[in-house]
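Secondary and tertiary structure notes
What follows is each chain in one-letter form.
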Amino acid sequence: MLSAEADERVRMRTMHRCVTVAGVDTTIRNLDERAYRELKARAALTGRTIGDLVNEAICAYLARPAPVGRASLRDLVPEPYPEGTERLSEEIDAIV
């Protein structure tokens, strides 16, 4: 296990590597249309490019620890629903 300081150095090296290789032109297919529109809008609102935001997302993903061994859906641990959602399905049914 890395200390927080060592972990941050690794993350920053990863971020730096991502930034230095930026400039690769590529086509990404099969993006979710709604997510892409939201990304495009956020880029415009923040004065950044879509490429900047995609690079940031890729770097954030790569900065996460890599899975050890072969991942399996069986390894997923369900998260509890937040308080107050016990009747959510019924409430949605009433609206629809």
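1. Points about the pattern of salt bridges
The tally for this structure, following the rule as stated, stands at four salt bridges. The closest approach of N and O atoms between Glu33 and Arg37, which form a salt bridge, is 3.0 Å. Taken together, the positions of Glu33 and Arg37, both in helix α2 (residues 33-46) and four residues apart, correspond to about one turn of that helix. Residue classification places Glu33 among the exposed positions, given a relative accessible area of 59%. For Glu38, the salt bridge is made with Arg34, and the minimal N-O distance between the two is 3.2 Å. With a gap of four residues between them, Glu38 and Arg34 both fall in helix α2, about one helical turn apart.

2. Section: α2
An α-helical segment advances 3.6 residues per turn. Residues three or four places apart therefore align on the same side. Over its 14 residues, α2 extends 20 Å from the first C-alpha to the last, a length consistent with the 20 Å expected when each residue adds 1.5 Å. With a side-chain oxygen positioned 3.2 Å from the backbone nitrogen of Arg34, the residue opening α2 is Asp32. Once α2 finishes, Gly47 follows within two positions and takes phi at roughly 70°, a positive value.

3. Regarding the confidence of the model for the protein chain
In the predicted model, the protein chain carries a mean pLDDT of 79, and 76% of its residues have values of at least 70. Ranking the elements of the protein chain by mean pLDDT puts helix α1 (residues 4-20) last, at 54, and α2 first, at 94. Counted against residues more than four places away or in other chains, residues 15-22, with its pLDDT under 50, gives four contacts.

4. Observations concerning the packing of α2 against helix α3 (residues 50-63)
The geometry of α2 relative to α3 is characterised by a closest axis approach of 9 Å and an angle of 110° between their N-to-C directions. Relative to α3, the element α2 lies roughly perpendicular. Two packed elements cross with a definite hand, and for α2 against α3 that hand is right-handed. Every residue of α3 that contacts α2 at Tyr36, Leu39, Lys40, Arg42 and Ala43 is listed here: Ile50, Leu53 and Val54. Of the residues contributing to the contact of α2 with α3, the split by class is six nonpolar, no polar and two charged.

Rules used in this analysis
Residues numbered from 1 in each chain as written. Predicted model: local features only at pLDDT ≥ 70, side-chain atom pairs only at ≥ 80, totals over all residues. Heavy atoms only, no water. Salt bridge = Lys/Arg side-chain N within 4 Å of Asp/Glu carboxyl O. Helix = DSSP H or I, 4+ residues; strand = E, 2+ residues; numbered from the N terminus. Buried < 20%, exposed > 50% of the residue type's maximum accessible area, 1.4 Å probe, protein only. Expected span 1.5 Å × (residues − 1). Polar contact = N/O pair within 3.5 Å; in protein donor to acceptor, adjacent residues only side chain to side chain. pLDDT = per-residue confidence, 0-100. Contact = heavy atoms within 4.5 Å. Axes fitted to C-alpha atoms, helices over the stretch in contact; angles between N-to-C directions. Parallel < 35°, antiparallel > 145°, perpendicular 65-115°, else oblique. Left-handed = near helix turned anticlockwise from the far one by under 90°. Nonpolar A, V, L, I, M, F, W, Y, C, P; charged D, E, K, R; others polar.

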